[in-house]
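# Summary of structural features
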Amino acid sequence: MSKRVRIEPIAQEADIETNGNLLSVLMQEDLNILKECGGRGMCATCHVYIQEGMNSLSPIGKREQRTLEVITTCTPNSRLACQAKVMAEGVVVELPVGMYIQSIQDIEALIGRRCEKPMLHPVTGQTLVEVGQLITRSMVRQLESTDFRIGEQLSQTKRA
């Protein structure tokens with residue numbers, strides 16, 4: 001039996017089979033979700049906020065909890081869409097505002113333009129470039145030391 005999920009701020013509704021994960025809903029709606037870790041709950045690229053229906057989702061597991069602790073934009077209603085399974089009706093999902101960056105080349109390609117959406121780190125969700133900020137070569141040089149490799153980022157956080 002399928003359940004209905006509402007996606008904000010785009011005001012779309014989608015159906016999902018009971019016990020299906022939220023990521024599959026976001027994928028079927030052709031939203032630009034990176035799923036950088038392949039849906040294993042190890043990155044921030046499917047991070048969402050649950051506006052309503054947290055009790056209609058599967059409980060947070062250990063891996064998801066560890067990853068959520070790394071995400072700087074995490075709130076009490078945060079979930080990873082790849083790990084949250086829809087068990088009942090009433091789920092309203094809010095997508096974070098911003099665009100996850102996969103590499104420094106993503107930013108380099110925009111030199112000379114103003115940032116239209118916040119550019120976010122794929123592991124921590126931290127804002128790397130603010131809306132309206134002019135993307136310059138010096139900014140790119142400052143961000144060159146940023147590590148975008150998810151596996152290494154997570155292994156460093158586990159050691160810390």
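Residues numbered from 1 in each chain as written. Predicted model: local features only at pLDDT ≥ 70, side-chain atom pairs only at ≥ 80, totals over all residues. Heavy atoms only, no water.

Assigned secondary structure in the protein consists of five helices and eight strands. Split into buried and exposed, the 160 residues of the protein put 42% on the buried side. Of the contacts formed within the protein by residues at least 6 apart in sequence, a portion of 58% connects residues at least 24 apart. Surface exposure of the protein reaches about 8,700 Å², of which carbon and sulfur atoms provide 47%. (Helix = DSSP H or I, 4+ residues; strand = E, 2+ residues; numbered from the N terminus. Buried < 20%, exposed > 50% of the residue type's maximum accessible area, 1.4 Å probe, protein only. Contact = heavy atoms within 4.5 Å. Areas by Shrake-Rupley, 256 points an atom, 1.4 Å probe, with all protein chains shown as cover.)

In this structure, strand β1 (residues 2-8) lies alongside strand β5 (residues 91-94), joined through four bridges in parallel fashion. Looking at β5, one finds that Glu8 is bridged to Glu94. Note: strand β3 (residues 47-52) against β5, three bridges, orientation antiparallel. Residue Glu52 lies in a different strand from β5, and its bridge partner there is Val92. (Pairing = 2+ DSSP bridges.)

With that settled, the discussion passes to the sheet that holds strand β8 (residues 127-129). An order of β6-β7-β8 is seen for the three strands of this open sheet, with the pairing classed as mixed. Here the strands that pair on one side only, and so sit at the sheet edges, are β6 (99-100) and β8. The pairing of strand β7 (residues 119-120) with β8 spans two bridges and is antiparallel. When the sheet's bridge partners are listed, Met119 is paired in β8 with Val129.

Here the structure, examined in full by the defined rule, presents five salt bridges. A salt bridge links Glu13 to Arg4, with the nearest nitrogen and oxygen atoms 3.4 Å apart. Given a relative accessible area of 41%, Glu13 falls into the partly exposed group. Residue class for Arg4 comes out partly exposed when judged on its relative accessible area of 36%. Through salt bridges with shared partners, a single ionic network connects Arg4, Arg6, Glu8, Glu13 and Asp15. (Salt bridge = Lys/Arg side-chain N within 4 Å of Asp/Glu carboxyl O.)

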